[in-house]
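Understanding the architecture of this molecule
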Amino acid sequence: MKTAEALRMAVEALRVNRLRSMLTMLGVIIGVLSVVILVAIGTGAKDAIEKEISGLGSNIILVVPGQVGLGAAPTQSRLDLSDVAYVRRVVGDPSKVTVAVNSGEPVRVGRVEVFATLTGTDENMAHVFDRPLRRGRYLTKTDVDTRRRVVILGSEVAAKLFGDVDPIGRQVTIAGVRFRVVGVYATVGATFGVARDQEVHLPVTTAQRLIGLPRINGIAVGASGPDEIEPLRRKVVDALSERYPGETFSAVTQTQLLGTIGTVLGMLTGVLAAIAGISLLVGGVGVSNIMLVSVRERTREIGLRKALGARGRDILGQFLIEAVLLTTVGGVIGILAGVGGALLIRAVSPVPASITWWSIVLAFGVSAAVGVFFGVAPARRAARLDPVVALRTD
Amino acid sequence: MSLADGRGTPAFEAVGLARSYRLDGGVTVDALRGVDLRVEQGEFVAIVGPSGSGKSTLMHLLGCLDRPTSGTLRVNGVDVATLDDSGLADLRNRTIGFVFQSFHLLARTSALDNVALPLVYRGVPRAERRERARRALEAVGLGHRLTHRPSQMSGGEQQRVAVARALVGDPRVLLADEPTGNLDSRNGEEVMGLLERLNEGGVAVVLVTHDAEVAARARRRIHVRDGRIERDA
Ligand SMILES: Nc1ncnc2c1ncn2[C@@H]1O[C@H](COP(=O)(O)OP(=O)(O)OP(=O)(O)O)[C@@H](O)[C@H]1O
Ligand SMILES: [Mg+2]
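Structure report, in brief. This structure is a prediction, so every number in the text was calculated from the model and none was measured.

Procedures and definitions
- Residues numbered from 1 in each chain as written.
- Chains lettered and ligands numbered in written order.
- Predicted model: local features only at pLDDT ≥ 70, side-chain atom pairs only at ≥ 80, totals over all residues.
- Heavy atoms only, no water.
- Near = heavy atom within 4 Å.
- Polar contact = N/O pair within 3.5 Å; in protein donor to acceptor, adjacent residues only side chain to side chain.
- Areas by Shrake-Rupley, 256 points an atom, 1.4 Å probe, with all protein chains shown as cover.
- Axes fitted to C-alpha atoms, helices over the stretch in contact; angles between N-to-C directions.
- Helix = DSSP H or I, 4+ residues; strand = E, 2+ residues; numbered from the N terminus.
- Parallel < 35°, antiparallel > 145°, perpendicular 65-115°, else oblique.
- Left-handed = near helix turned anticlockwise from the far one by under 90°.
- Contact = heavy atoms within 4.5 Å.
- Nonpolar A, V, L, I, M, F, W, Y, C, P; charged D, E, K, R; others polar.
- Pairing = 2+ DSSP bridges.
- Buried < 20%, exposed > 50% of the residue type's maximum accessible area, 1.4 Å probe, protein only.
- Buried area = accessible area lost by both parts, 1.4 Å probe.
- Salt bridge = Lys/Arg side-chain N within 4 Å of Asp/Glu carboxyl O.
- Patch = residues over 30% accessible without salt bridge, like charges linked within 9 Å, V, L, I, M, F, W, Y side chains within 5 Å.

Points about the site of ligand 1
Taken together, 14 residues are adjacent to ligand 1, and B:Ser51, B:Gly52, B:Lys55, B:Ser56 and B:Thr57 come closest. Mapping the residues near ligand 1 onto chains gives chains A and B. One of the backbone N or O atoms of B:Ser53 is found 3.2 Å from an oxygen atom in ligand 1. Take B:Lys55: an N or O atom from its side chain is 2.7 Å from an oxygen atom of ligand 1. Relative to its unbound accessible surface of 630 Å², ligand 1 loses 69% to contact with the protein.

Quick look at the structure:
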């Protein structure tokens, strides 16, 4: 018997039991739909975060004390500004090295108070990171050397404190100390949930005095090209380890960050897909169950077909195709609904969702496979029916 | 086709044909206890006997729906023991037509598609199938019932559809197990007429019946009792 013939028979059989076929498919539809949507969300999140990392600026190496990794405890920093000078000498180009001292403080203008992330840094920040100004100027060497009380505001801080008023030249109060605003950054959005528009930059020396500790949190080095990142990273880490024997330093590069985040989110997406896959499996069990019922109901039909010349494999093919048809039609509906759902989520919620062709191909493939897998047992039972017994059944 | 069409080859040739069933309790039921039987091409044979005597069992063996426990059976000269299951399916499809007491039509399927079913398993293209099915239905006087489903037809009409299905594949033999058993005498008469016409066309007909009148129309009557042939006349 030709496949086209078997397909026509299967369509006919499923059409006859329309409601039952629909309900059976529903299990598969829900399974495929959840796989597609969850994979879309996982992939969307990954894309969004990777875009944020690239937004940091390219070819950056972040040097921090201690071990960086999942589950590693944060280390008390022992680095200070002399180490920054040391790294500058190691790197050779001082303008490619900058520094960060972090703290969180409320920033006040009159009665308006905004909680901001204070970052003490220096005149090289703008050479290393990609951080365009909207107004005013960057920090200068003199700002750092003379511990000037000047700040550059992130766009959100500026908007909250000053509204429509131009903040340049105006005063803000941080921890009881008055600062003059010399610049406002352009809006850049968040990176890793770090709202960079809520940052306030000030000279690193001023920040250290404000916090009361001579420490720094990290050193950022800008490489001149992607090929230079790895040698430079090694050079800096080796130099620091040499300076402080027995201590660990980590240098995180964008590529590593992308890799780590990618792996984590990939795993997360996989776990989500697996959970959704379980519902697909349950849908498959439903198909198997209904096919067994169908075989039992159609015992006489099977006997008759055999009497008229159907071979075991014709019957096997007929029932297998019915099962696969159920799951693939369910799969296609599930894919369409899943794609629609993902687009809807993207349109009406902040959750990113990005549809990948492989998840669609996979969902279709898996639903077909589910049909074969769960259809085999009922189909074999049908194929093995003894025609005499089947014909005698009433 | 080699032996299959040979003139002198009998349609059926059974030697010591036996079939026993082993029940769950370990008891065996001997439904057929050694039957020797020869049916020539184009013969018209009626099998009669009391209920439970093994008539249906014999028909199933002749129809290659079942395999004997012992003994040999040749259908159109082919020893069925040499065929595997798909060989048997092919033999049924090409040389044997079945008519059952309870019609055995596919519900929710038109008369035309019911009749065309054997040709599906022979790989006949759809258009040709439908054409042959239409001609077969016309031959049994149902040219006006092509799209009717079994539930939309009388018992007599349903059995005529079944006869059309049995003859659509041009079989050498037709096996009918109480084909008139579920019909009133007028419809039974009509079906018998069809079988006789088929037989005149050269198809061997073997039918099982309880109806003496029906049996009387056969040229040869085989009496079965307790799984044995008691009388053959
Ligand atoms: N699958 C089976 N398992 C066990 N015994 C069986 C089976 N099929 C038939 N038999 C037995 O074999 C014997 C012959 O049965 P068969 O159906 O051939 O009788 P029959 O002559 O056709 O009877 P009827 O005229 O009532 O149709 C009976 O005793 C029956 O109980
Ligand atoms: Mg019987």
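Thoughts on the packing of helix 3 (residues 111–120) of chain B against helix 4 (residues 126–139) of chain B
Residue and element names in this part refer to chain B. Direction vectors running N to C along helix 3 and helix 4 enclose 120 degrees, while the axes themselves pass 8 Å from each other. Judged by the inter-axis angle, helix 3 sits oblique to helix 4. Two packed elements cross with a definite hand, and for helix 3 against helix 4 that hand is right-handed. Along its contact with helix 3, which presents Ala 111, Leu 112, Asp 113, Val 115, Ala 116, Leu 119 and Val 120, the element helix 4 presents Arg 129, Arg 130, Arg 132, Ala 133, Arg 134, Ala 136 and Leu 137. Its residues assigned to classes, the contact of helix 3 with helix 4 shows 9 nonpolar, no polar and 5 charged.

Let's talk about the sheet that holds strand 5 (residues 78–79) of chain B
Residue and element names in this part refer to chain B. Pairing is antiparallel in the open sheet, where 4 strands are placed in the order 2-1-4-5. Edge positions in the sheet fall to strand 2 (28–39) and strand 5, since each of these pairs with one other strand and no more. In terms of strand pairing, strand 1 (residues 12–22) meets strand 2 through 9 bridges, oriented antiparallel. The partner of Arg 19 across the bridge, within strand 2, is Leu 32. Sheet strands in contact with helix 1 (residues 55–62) are strand 1, strand 2 and strand 4 (70–75), and its direction is about 60 degrees off that of strand 2.

With respect to the pairing of strand 11 (residues 218–222) of chain A
Residue and element names in this part refer to chain A. Buried residues dominate strand 11, accounting for 5 of its 5 residues. Sheet topology note: the strand 2 (residues 97–109)/strand 11 ladder contains 4 bridges and is antiparallel. Paired with Val 99 across the bridge in strand 11 is Ile 219.

What about the interface of chain B and chain A?
Taken together, the contacts link 24 residues of chain B with 24 residues of chain A. When the two sides are added together, the surface that chain B and chain A hide from each other amounts to roughly 2200 Å², 60% of it contributed by carbon and sulfur. Interface area lost by chain B to chain A is led by B:Leu65, B:His104 and B:Tyr121, which between them contribute 30%. Taken together, the links from chain B to chain A amount to 1 salt bridge. Across the pair A:Glu5 and B:Arg129 runs a salt bridge whose closest N-O atoms are separated by 2.8 Å.

Observations regarding the pattern of salt bridges
Within the structure shown, the criterion is met by 36 salt bridges over all chains. Note that B:Arg38 and B:Glu13 form a salt bridge whose closest N and O atoms lie 3.2 Å from each other. With B:Arg38 in strand 2 and B:Glu13 in strand 1, this pair connects stretches of sequence that are 25 residues apart. For B:Arg38, a relative accessible area of 38% gives the class partly exposed. Sharing partners across several salt bridges, the network here consists of A:Arg298, A:Glu301, A:Arg305 and A:Glu322.

Thoughts on a nonpolar patch on the surface
Together, A:Trp357, A:Trp358, A:Val361, A:Leu362 and A:Val366 give the surface a local cluster of nonpolar side chains, amounting to about 540 Å² of exposed area. Classification of A:Val366 as partly exposed rests on a relative accessible area of 33%.

Some details on the pairing of strand 8 (residues 204–208) of chain B
Residues and elements named next belong to chain B. Across the 5 residues that make up strand 8, a large majority, 5, are buried. Burial along strand 8 is two-sided: Ala 204, Val 206 and Val 208 and Val 205 and Leu 207, pointing in opposite directions, are all buried. Where strand 3 (residues 44–48) meets strand 8, 4 bridges bridge the pair, whose relative direction is parallel. Each residue of the ladder has a partner; that of Ala 46, found in strand 8, is Leu 207. Pairing geometry for strand 7 (residues 173–177) and strand 8, over 5 bridges, is parallel. Residue pairing in the sheet places Asp 177 in a bridge with Val 208 of strand 8.

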